[in-house]
Amino acid sequence: MKKTTKRWIVGVSVTLGVVLCAGGAYAGYIYHKADQAIHHIAASPTPKPAVSSSSPAATPAPEEEDKPISFLLTGVDSRGGSDGSMNTDVIMLLALNPKTDSATIVSLPRDLELKPGDIRSHKANYFFPHYYLEDPSTAFANTKALYSRLLGVPLDYMAMIDFQGFREVVDQLGGVKVDVDMDMKYRDTSDGTDIDLKKGVQTLNGKDALDFVRYRKSNQGTAESSDLARNGRQQQVLKQILEKLTSVNGLVNLGDLLDIAGKNVKTDVPENELRSWIARIRDLKPDETEFIPLEGEWISPYIVPKESDLKTALTAFRSRLGLTTTEADGAQLDRLADGVGLIADSGADGSSDGPSGQTGGTKSASGPEEQTGTNN
């Protein structure tokens, strides 16, 4: 064999060995990062399962791994300027089907009226801060149970991300390219808000992306925005983040992203399940994610959707979980107006019963204006 051929074979072997060792080291690094993040994210840490050939229960059973799951997702602002009120700007329902790597995300307006019955009606963004101030240890369970009961859908888990984490994730992924729909200007020295965005397609860093999804009112001469427009922006940015997370760049940055999650995400998902999901990040299919922003009319002080629109969104959510609407489920969906402020669908003559079955167009407030300040 010629010397040049031998050298080539040796060179390739050494290079391959280095690549394999680096890959193994990186895998170990990611496992370590994931382990640290999980301890911070999970609400109630459980012992890490031992892995051995004699322990068949060390990893989740395939049928458990592929079981559809549902979440209540919230984005909160815990900055000092917001008085620690945990303002809830983002409220979403997530149905995830691991078997098909597909998902349905329903965005709920923060100004949607919820009517629990045991306490006064309030806007949707009121309840998590309310329960959190009562008892942080039960806030997830109580908020999740409330939404599940009023909307008639199962919610397995709840997850909360702080806005600082959102900013850091966007920066770590190199920004998001979005179409800013209007000039946006707003300043508030009390909480450090300084929004100054120009209309048009552009790549936003973490700070500007957060300003984009939160923009509501102006004190600098630009047009105001609606709660519904904000939901559309949230969907636009979330889709970009999902695409970047599942890209090669996202996987390369996985260690840093796990660090960010560990500091800014809280959930009630058990640790062993979090480990399984992190291992399957690369399998997510952004093209198989269905985004449904719930729309409605502004009838002060609430956003009031049509009953049929809410039913359509919740039926799609249930379908992603593999749930068929039984007679009992259908009756529960028909009772949505008991728990949510709604506009009844128009009859054959074009008439409407008005919001929540009332006659007339304007609904009076049934409680104080919750978290309605500026761009909170």
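The preceding data block contains the structure.
Right, let's walk through the structure included here. (Residues numbered from 1 in each chain as written. Predicted model: local features only at pLDDT ≥ 70, side-chain atom pairs only at ≥ 80, totals over all residues. Heavy atoms only, no water.)

## Re the overall build of the protein
Looking only at helices and strands, the protein features 13 helices and 14 strands. Out of the 376 residues belonging to the protein, those deemed buried represent 46%. Of the contacts made within the protein by residues no fewer than 6 positions apart, 70% connect residues no fewer than 24 positions apart. For the protein, the accessible surface area stands at approximately 18200 Å², while carbon and sulfur atoms represent 55% of it. (Helix = DSSP H or I, 4+ residues; strand = E, 2+ residues; numbered from the N terminus. Buried < 20%, exposed > 50% of the residue type's maximum accessible area, 1.4 Å probe, protein only. Contact = heavy atoms within 4.5 Å. Areas by Shrake-Rupley, 256 points an atom, 1.4 Å probe, with all protein chains shown as cover.)

## Re helix α6 (residues 206-214)
Most of α6 is tucked away, with 7 of its 9 residues classed as buried. Taken residue by residue, α6 has G206, A209, L210, D211, F212, V213 and R214 as its buried positions.

## A few points about unusual backbone geometry
Between S300 and the following residue, P301, the backbone shows a cis peptide bond with an omega angle of 5°. With respect to the secondary-structure elements, P301 resides in the loop between β13 (297-299) and β14 (302-304). Positive phi outside glycine occurs at D101, with the angle close to 50°. Considering the arrangement of structural elements, one finds D101 in the loop between β2 (87-97) and β3 (102-107).

## What to know about the sheet that holds strand β12 (residues 289-293)
Reading across from one edge, β11-β6-β1-β2-β3-β12 is the order of the 6 strands in this open sheet, with mixed pairing throughout. At either end of the open sheet lies a strand with only one pairing partner, and these are β11 (265-267) and β12. Each neighbouring strand pair of the sheet contributes to a mean axis angle of 20°, computed without reference to strand direction. As judged from the 5 bridges shared by β3 and β12, these two strands associate in the parallel manner. Within the sheet, the bridge partner assigned to V106 lies in β12 and is I292. Each of β1 (69-77), β2, β6 (157-162) and β11 touches helix α4 (residues 139-151); the most contacted strand, β6, lies at about 120° to it. Strands in contact with helix α7 (residues 227-245) are β2, β3 and β12; relative to β12, the strand with the most contacts, it is inclined by about 165°. (Pairing = 2+ DSSP bridges. Axes fitted to C-alpha atoms, helices over the stretch in contact; angles between N-to-C directions.)

## A short note on the nonpolar core
F166, V176, M184, L204, F212, V237 and I241 are the most contacted members of the largest nonpolar core, which has 43 residues in total. Of the residues forming this core, the biggest block, 5 residues, is contributed by helix α9 (residues 254-264). Listed in part, the 36 residues of the second largest apolar core include L151, A313, V340 and L342. (Core = buried A, V, L, I, M, F, W, Y, C linked by side-chain atoms within 4.5 Å.)

## Description of the side chain of N97
Residue placement: N97 occurs in strand β2. With residues up to four places along the chain from it excluded, the contact list for N97 reads D66, P68, S102 and R320.

## Overview of the packing of aromatic side chains
What the rule picks out here adds up to 4 aromatic pairs. When the centroid spacing of 5.7 Å and the interplanar angle of 50° are considered together, the rings of F128 and Y132 count as tilted. Here F128 and its partner Y132 are both found in helix α3 (residues 127-134), 4 residues apart, which amounts to about one turn of the helix. The class for F128 is buried, based on a relative accessible area of 3%. Classification of Y132 by relative accessible area gives partly exposed; the value is 29%. The structure contains a cluster of three or more aromatic residues connected by ring pairs, namely F128, Y132 and F140. R233 extends its terminal NZ or CZ atom over the ring of F212, reaching a point 5.7 Å from the ring centre. (Phe/Tyr/Trp six-rings, centres within 6.5 Å; stacked < 30°, edge-to-face > 60°. Lys NZ or Arg CZ within 6 Å of the ring centre and 35° of its normal.)

## What to know about the pairing of β3
Counting buried residues in β3 gives 6 out of 6 residues, a clear majority hidden from the surface. Neither face of β3 is open: one carries S102, T104 and V106, the other A103, I105 and S107, and all of them are buried. Alignment of β2 against β3, held across 6 bridges, turns out to be antiparallel. Residue pairing in the sheet places L93 in a bridge with V106 of β3.

## Notes on the packing of helix α11 (residues 307-320) against helix α12 (residues 327-334)
Two elements in contact, α11 and α12, have axes whose closest approach is 10 Å; the angle formed by their N-to-C orientations is 145°. Judged by the twist between their axes, the crossing of α11 over α12 is right-handed. Facing α11, whose interface residues are E307, K311, L314, T315 and R318, α12 presents D329, L333 and D334. A breakdown of the residues in the contact of α11 with α12 according to their chemical character gives 2 nonpolar, 1 polar and 5 charged. (Left-handed = near helix turned anticlockwise from the far one by under 90°. Nonpolar A, V, L, I, M, F, W, Y, C, P; charged D, E, K, R; others polar.)

In short, the description is geometric, and any link to function would need to be established separately.
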